[in-house]
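# Residue-level structural notes
Spelled out, the chains give:
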Amino acid sequence: MSVVLEIRNLHVSVDEKEILKGVDLTVREGEVHALMGRNGSGKSTLAYAVMGHPSYEVTEGEILFNGENVLEMEADERSRAGLFLAFQYPTAIPGVTVANFLRAALNARRKAVDPQDKGISIPEFRKLLMAKMNFLKVDPSFAGRYLNEGFSGGEKKRAEILQMAVLDPRIAILDETDSGLDIDALRVVAEGINSLIGPKLGVLVITHYEQFLNYIKPEFVHVMFQGRIVEEGGFDLAEKIQEQGYDWVAEKYAALEGK
Ligand SMILES: Nc1ncnc2c1ncn2[C@@H]1O[C@H](COP(=O)(O)OP(=O)(O)O)[C@@H](O)[C@H]1O
Ligand SMILES: [Mg+2]
């Protein structure tokens, strides 16, 4: 059976204010989805709720990963089960290199799949990491750097994609992976994501930047407005937004404003 993330009638509040007002979204292994919408429409709130961020209170609805209640899983449990959220470790971790961090994360994930797993040896891991870095066109010196310390926006994103490549998740949610990237970095990150997409990986790319989607070419496009998914379609919906922006969405759903 294929792995699936199901978000059902999700309502999320921040500081008692309802931000998400009933979101339904299903992502299956092998599918590429894009969640689009203007700034402030609630896209990141959705990602934070799936991640289990303590400031984001789920007041109604459910999030299921393979039928299991994600909201009852610890953040590391979610990761070990094969759910990847790109900004899981956004801050610098002093004294921890990219390589050590990734090895620890991979071993935790392997142990979750097979409790008997003794972990990957250092030489074996080095080989794997080199192969992944080569594949993603990441400079080998990157492995020895301290995680996120002094990383540029593009390097942080590369580290995230590298983390994804090493962890080999079943479903990944990538929030604003394109933000703050120049066009070349954007292409590198998009190519990295593309190279990882396949029958064993489902992706939800969150963006307000439609240019990114020209590289990723999502099969399913969802548009959020005022905390609800109001439009759904195929890649043509992303193209429509690219051509016309979001004004038509705001006009069409003006009645929802403030509700
Ligand atoms: N931590 C927070 N505290 C207060 N308001 C928040 C917080 N996070 C999000 N919001 C509000 O929720 C709404 C949706 O924000 P967000 O999910 O970041 O949108 P998007 O990612 O689509 O730009 C905005 O009105 C924002 O001000
Ligand atoms: Mg956001």
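Look a little higher up for the structure.
Everything numeric in this text was worked out from a predicted model, so none of it was measured.

## Some details on the overall build of the chain
Counting its regular elements, the chain contains 9 helices and 10 strands. For the chain, whose C-alpha radius of gyration is 18 Å, the value lies close to the compact-globule estimate of 18 Å for 259 residues. Overall size of the chain, expressed as C-alpha extent along the three principal axes, is 60 × 40 × 35 Å. Considering only residue pairs separated by 6 or more positions, the chain has 68% of its internal contacts joining residues 24 or more positions apart. A total accessible area of about 12300 Å² is found for the chain, and carbon and sulfur atoms account for 49% of it.

## Regarding the pattern of salt bridges
As enumerated under the stated definition, the model contains 11 salt bridges in all. For the salt bridge of glutamate 6 with arginine 8, the shortest nitrogen-to-oxygen distance reads 2.8 Å. The buried category is assigned to glutamate 6, whose relative accessible area is 19%. Judged by relative accessible area, arginine 8 falls into the partly exposed class, the value being 34%. Put simply, glutamate 29 and lysine 200 hold a salt bridge, and the shortest N to O gap is 3.7 Å.

## Quick word on the site of ligand 1
The full set of residues close to ligand 1 is Val14, Ile19, Arg38, Asn39, Gly40, Ser41, Gly42, Lys43, Ser44, Thr45 and Tyr56. One of the backbone N or O atoms of serine 41 is found 3.2 Å from an oxygen atom in ligand 1. Between ligand 1 and tyrosine 56, the relevant distance is 3.1 Å, taken from a nitrogen atom to a side-chain nitrogen or oxygen of the residue. For ligand 1, whose free accessible area comes to 560 Å², the fraction covered by protein is 63%. Considering every element that reaches the shell around ligand 1, the biggest residue donor is helix 1 (residues 43–51), with 3 residues.

## Regarding the sheet that holds strand 4 (residues 57–65)
Pairing is antiparallel across the open sheet formed by 4 strands, whose spatial order is 2-1-4-5. With one partner strand each, in any of the chains shown, strand 2 (17–28) and strand 5 (68–69) form the two edges of the open sheet. Pairing of strand 1 (residues 4–14) with strand 4 involves 7 bridges; the strand directions are antiparallel. Bridge pairing links arginine 8 to glutamate 62 in strand 4. Set on the sheet, helix 1 makes contact with strand 1, strand 2 and strand 4; between it and strand 1 the angle comes to about 110 degrees.

About the criteria used
Residues numbered from 1 in each chain as written. Chains lettered and ligands numbered in written order. Predicted model: local features only at pLDDT ≥ 70, side-chain atom pairs only at ≥ 80, totals over all residues. Heavy atoms only, no water. Helix = DSSP H or I, 4+ residues; strand = E, 2+ residues; numbered from the N terminus. Rg over C-alpha atoms; globule rule 2.2 N^0.38 Å. Contact = heavy atoms within 4.5 Å. Areas by Shrake-Rupley, 256 points an atom, 1.4 Å probe, with all protein chains shown as cover. Salt bridge = Lys/Arg side-chain N within 4 Å of Asp/Glu carboxyl O. Buried < 20%, exposed > 50% of the residue type's maximum accessible area, 1.4 Å probe, protein only. Near = heavy atom within 4 Å. Polar contact = N/O pair within 3.5 Å; in protein donor to acceptor, adjacent residues only side chain to side chain. Pairing = 2+ DSSP bridges. Axes fitted to C-alpha atoms, helices over the stretch in contact; angles between N-to-C directions.

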